[in-house]
Amino acid sequence: MEYSDKVLEHFYAPRNVGTMPDADAIGEAGDANCGDIMKIYIKVKENVIDKVKFMTFGCGSAIASSSIATELIKGKTLEEAWSLTNKSVIEALDGLPAEKIHCSVLAEQTIHKAINNYREKNGFEKWKDKWENDN
Ligand SMILES: [Zn+2]
């Protein structure tokens, strides 16, 4: 399996790792293929993602995907962060091996869960997630 330098860089030195005790919202998603579990914590200030942290248990690609995803959504509005797709994650990583695409999907799903958790807590209707086919 070939990994880009960007994937390796974010795997060996992931950005924004850790938990956030005073997070405004948390998103958590899991992937059955790799057994990856991703958790993203966000702090929102005036509709902008002010701080973001992640904890990922899983394969190297899942760690690299969450690391780059947190970099991509930091400083973005909730709308901008919501529109970040797994393709943007793959592009930012200079590609992922085909069998690891699901790790980028997991990053997108986890961001969506965090944003919807924030919306729910603040009395807004949840945005519709294209990945959700149950409930
Ligand atoms: Zn994985």
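Preceding block: the structure.
Read on for a plain summary of the structure. None of the values given here were measured: they were computed from a predicted structure.

Here is what the cut-offs are and how they apply
Residues numbered from 1 in each chain as written. Predicted model: local features only at pLDDT ≥ 70, side-chain atom pairs only at ≥ 80, totals over all residues. Heavy atoms only, no water. Buried < 20%, exposed > 50% of the residue type's maximum accessible area, 1.4 Å probe, protein only. Helix = DSSP H or I, 4+ residues; strand = E, 2+ residues; numbered from the N terminus. Pairing = 2+ DSSP bridges. Polar contact = N/O pair within 3.5 Å; in protein donor to acceptor, adjacent residues only side chain to side chain. Contact = heavy atoms within 4.5 Å. Axes fitted to C-alpha atoms, helices over the stretch in contact; angles between N-to-C directions. Parallel < 35°, antiparallel > 145°, perpendicular 65-115°, else oblique. Left-handed = near helix turned anticlockwise from the far one by under 90°. Nonpolar A, V, L, I, M, F, W, Y, C, P; charged D, E, K, R; others polar.

Right, let's get into the pairing of strand β1 (residues 25–31). Alternating residues of β1 divide into A25, G27, A29 and D31, all buried, and I26, E28 and G30, none buried. Judged from the seven bridges that link them, β1 and strand β2 (residues 36–45) form a sheet pairing that is antiparallel. Note that in β2 the partner of A29 across the bridge is M38. Hairpin connection from β1 to β2: four residues lie between these consecutive antiparallel strands, with G35 at a positive phi of about 75°.

The next point concerns the side chain of S104. Of note, S104 is situated in helix α5 (residues 101–121). At a separation of 3.1 Å, a polar atom in the side chain of S104 contacts the side chain of N86. A distance of 2.6 Å separates the side chain of S104 from the backbone oxygen of I101, its partner in a polar contact. Discounting chain neighbours no more than four positions away, the residues touching S104 are S65, N86, V89, I90 and L96.

Phi at N16 is positive, roughly 60°, even though this residue is not glycine. Within the fold, N16 resides in the loop between α1 (5–12) and β1. For D94, which is not glycine, the phi torsion reads 60° and is therefore positive. By the element assignment, D94 lies in the loop between α4 (86–92) and α5.

What follows deals with the packing of helix α2 (residues 60–73) against α5. Across the interface, α2 lies against α5 with an axial gap of 8 Å and an inter-helix angle of 45°. In terms of axis orientation, α2 runs oblique to α5. As α2 packs across α5, the resulting crossing turns out to be right-handed. When α2 is examined against α5, the residues S61, A62, S65, A69 and I73 are found in contact with a partner set consisting of C103, S104, A107 and I111. Of the residues in the contact of α2 with α5, the class split is six nonpolar, three polar and no charged.

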